[in-house]
Amino acid sequence: MVQTAESATTTLPPIDVLFGKTAAMQAVRNKIERVAETDVPVLIQGESGTGKELCVHLLHLLSQRARNSLVKVSCPAIPHSLIETELFGYEKGAFTGAMHTKLGRVEQAHNGTLFLDEVGSLDLNVQSKLLQVLQDGTFTRVGSHESRFIATRLVTAANGDLRTQVDSGTFRLDFLFRINAVTINLPPLRQRIQDLPVLIDYFIEHYSKIFHQTPDLLSKSAMRLMQNYQWPGNIRQLENLIRSYVLIGSEEALVAELMPDQPRNGVTAEIDLSEPISLKEITRKATHDLERQIILKVLQANSWNRQKTAKWLQISYRSLLYKLSEAGMPEVPPRPLRPTSIKRPEDQVARPAISAAVARTRLY
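Small disclaimer: the values here were computed from a predicted structure and weren't measured. (Residues numbered from 1 in each chain as written. Predicted model: local features only at pLDDT ≥ 70, side-chain atom pairs only at ≥ 80, totals over all residues. Heavy atoms only, no water.)

*Asks:* Any chance you could break down the pattern of salt bridges for me, citing the residues and the numbers?
*Replies:* Summed over the entire model, instances satisfying the criterion amount to 15 salt bridges. As a salt-bridge pair, Arg 141 and Glu 91 come within 3.2 Å of each other at their nearest N and O atoms. Of the two residues, Arg 141 is situated in the loop between β5 (138–140) and β6 (147–149) and Glu 91 in the loop between α4 (80–88) and α5 (105–108); the sequence distance between them amounts to 50 residues. As far as the burial class goes, Arg 141 and Glu 91 line up, both buried. (Salt bridge = Lys/Arg side-chain N within 4 Å of Asp/Glu carboxyl O. Helix = DSSP H or I, 4+ residues; strand = E, 2+ residues; numbered from the N terminus. Buried < 20%, exposed > 50% of the residue type's maximum accessible area, 1.4 Å probe, protein only.)

*Asks:* Outline the packing of α4 against helix α6 (residues 124–136), supporting the account with residue identities and numerical values.
*Replies:* Where α4 contacts α6, the axes come no closer than 10 Å and their chain directions differ by 15 degrees. Of the possible angle classes, the one that applies to α4 and α6 is roughly parallel. Here the hand of the crossing between α4 and α6 comes out right-handed. Between α4, through Ile 83, Glu 84, Leu 87 and Phe 88, and α6, the contact on the second element is made entirely by Asn 125, Val 126, Lys 129, Leu 130 and Val 133. Its residues placed into classes, the contact of α4 with α6 shows 6 nonpolar, 1 polar and 2 charged. (Axes fitted to C-alpha atoms, helices over the stretch in contact; angles between N-to-C directions. Parallel < 35°, antiparallel > 145°, perpendicular 65-115°, else oblique. Left-handed = near helix turned anticlockwise from the far one by under 90°. Contact = heavy atoms within 4.5 Å. Nonpolar A, V, L, I, M, F, W, Y, C, P; charged D, E, K, R; others polar.)

*Asks:* Quick rundown of the side chain of Ser 144? Include the residues and the values.
*Replies:* In this fold, Ser 144 is placed in the loop between β5 and β6. Residue Ser 144 is classed as buried on the basis of its relative accessible area of 16%. Reaching out from Ser 144, the side chain makes a polar contact with the backbone nitrogen of Glu 146 at a distance of 3.0 Å. (Polar contact = N/O pair within 3.5 Å; in protein donor to acceptor, adjacent residues only side chain to side chain.)

*Asks:* Tell me about the side chain of Glu 91, residues and numbers included.
*Replies:* Residue classification places Glu 91 among the buried positions, given a relative accessible area of 17%. A distance of 3.4 Å separates the side chain of Glu 91 from the side chain of Thr 101, its partner in a polar contact. With sequence-adjacent residues up to four places away left out, Glu 91 is seen in contact with Ala 98, His 100, Thr 101, Arg 141, Val 142, Gly 143, Ser 144 and Arg 148.

*Asks:* Can you break down the packing of aromatic side chains residue by residue, with the values?
*Replies:* In this structure the tally under the stated criterion is 5 aromatic pairs. Seen in terms of ring centroids, Phe 171 and Phe 175 are 5.5 Å apart; in terms of plane orientation they differ by 40 degrees. Their pairing is tilted. The residues Phe 171 and Phe 175 share a single accessibility class, namely buried. Centre to centre, the rings of Tyr 202 and Phe 203 are 5.7 Å apart; their planes meet at 55 degrees, and the pair counts as tilted. Classification of Phe 203 as buried rests on a relative accessible area of 0%. (Phe/Tyr/Trp six-rings, centres within 6.5 Å; stacked < 30°, edge-to-face > 60°.)

*Asks:* Which residues make up the nonpolar core, and what are the values?
*Replies:* Counting residues in each nonpolar core, the largest one holds 57 residues, and the members touching the most others are Ile 44, Ile 200, Phe 203, Met 226, Trp 231, Leu 238 and Ile 242. The biggest single contributor to this core is helix α9 (residues 196–211), with 9 residues. Residues in contact with Phe 203, not counting those within four places in the same chain, are Ile 235, Leu 238, Glu 239, Ile 242, Leu 363 and Tyr 364. Within the second largest apolar cluster, 28 residues are counted, among which are Leu 87, Phe 88, Leu 154 and Phe 175. (Core = buried A, V, L, I, M, F, W, Y, C linked by side-chain atoms within 4.5 Å.)

*Asks:* Outline helix α11 (residues 234–248), listing residues and values.
*Replies:* When the terminal C-alpha atoms of α11 are compared, their 21 Å separation across 15 residues agrees well with the 21 Å that a helix rising 1.5 Å per residue should span. Listing the buried residues of α11 in full gives Asn 234, Ile 235, Leu 238, Glu 239, Leu 241, Ile 242, Arg 243, Tyr 245 and Val 246. (Expected span 1.5 Å × (residues − 1).)

*Asks:* Provide a residue-level description of unusual backbone geometry, including the pertinent values.
*Replies:* Glycine aside, residues mostly have negative phi, and peptide bonds are mostly found in the trans state. Even without a glycine there, the phi angle at Glu 118 is positive, about 55 degrees. Position of Glu 118 relative to the elements: it lies in the loop between β4 (113–117) and α6. Judged by relative accessible area, which is 33%, Glu 118 ranks as partly exposed.

*Asks:* I'd love a proper account of the pairing of β4, names of residues and values included.
*Replies:* β4 sits mainly inside the fold: 5 of its 5 residues count as buried. In β4, alternate side chains face the same way, and those of Thr 113, Phe 115 and Asp 117 on one face and Leu 114 and Leu 116 on the other are all buried. Taken together, the 5 bridges between strand β3 (residues 70–74) and β4 define a ladder with parallel strand orientation. Pairing of Lys 72 across the sheet is with Phe 115, part of β4. Sheet analysis places β4 next to strand β7 (residues 153–158), joined by 5 bridges and oriented parallel. Bridging from a neighbouring strand, Leu 116 pairs with Thr 156 of β7. (Pairing = 2+ DSSP bridges.)

This is the structure in structure tokens:
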């Protein structure tokens, strides 16, 4: 729910892996390096799983406050009834059960960095009190009338567009102006596919060390499929997929995760009725999706034998290869589950147990 830098150390990937080669991510890197040593509030926006928290940690490490705490508050994880006391603390006797004075997260971040994750979930009353902190650096503990001074750098993160929340009345416009002196927008993974090979290599190496496994190299067809995938869960989804691949060793399972779900009741098509539609274009797309599903099903039924699949579908072998390439599907069968190797007596060396905490390591 709440974490400090001391209790939640995050291992950052190498800079070249974190930012890749795309122009959008290089612009992100340039912004972070420019604003890191300042104290201006920074708002980081991006879809879930794009690496917002890693950017916050990098901002803190590059700042003059790096020797002090980075205090993270996961705003949606804290009940609205408790968020004020968690942020601002309380005095002894402020309410029933307040047996001692408690420092809030704002106060714990003194001379450090305060990170509010998913800031859009904060209610208007808390936004108003945080606005006071940003304006003059003062706040008041719950149950106290004494104003206290705080010097901290505020960094916030949001999954959606906060201006939409301003329009709906759930987010203060003046608070938005204060927290986004600099706004950093992280692109989704589908807009930085060029960086996919570097990310895959990094995650394979990372989890190979953790699980003491050496997975086979991914096939070219699997890589092509991953490059054509839309990645709704972004880099976090990619990390989880590679983590499973390293642990289990099944390329078949990886490919199955990337294949689209088949509609249960015949052909379906998503139609946007907010503007005039092209019947020809919608029909073409629905036909393309159905063809893709049929080819995949027949491939699997024929154990990924392309010659048999072409004869079964009554099309030429060349046509099948073209359709596979066009749809971004594997042209060769994915590798099955890696068989357990038989260890020689000299290999039977006790391996240090992997702690549950390490096995659950996540970077994104």
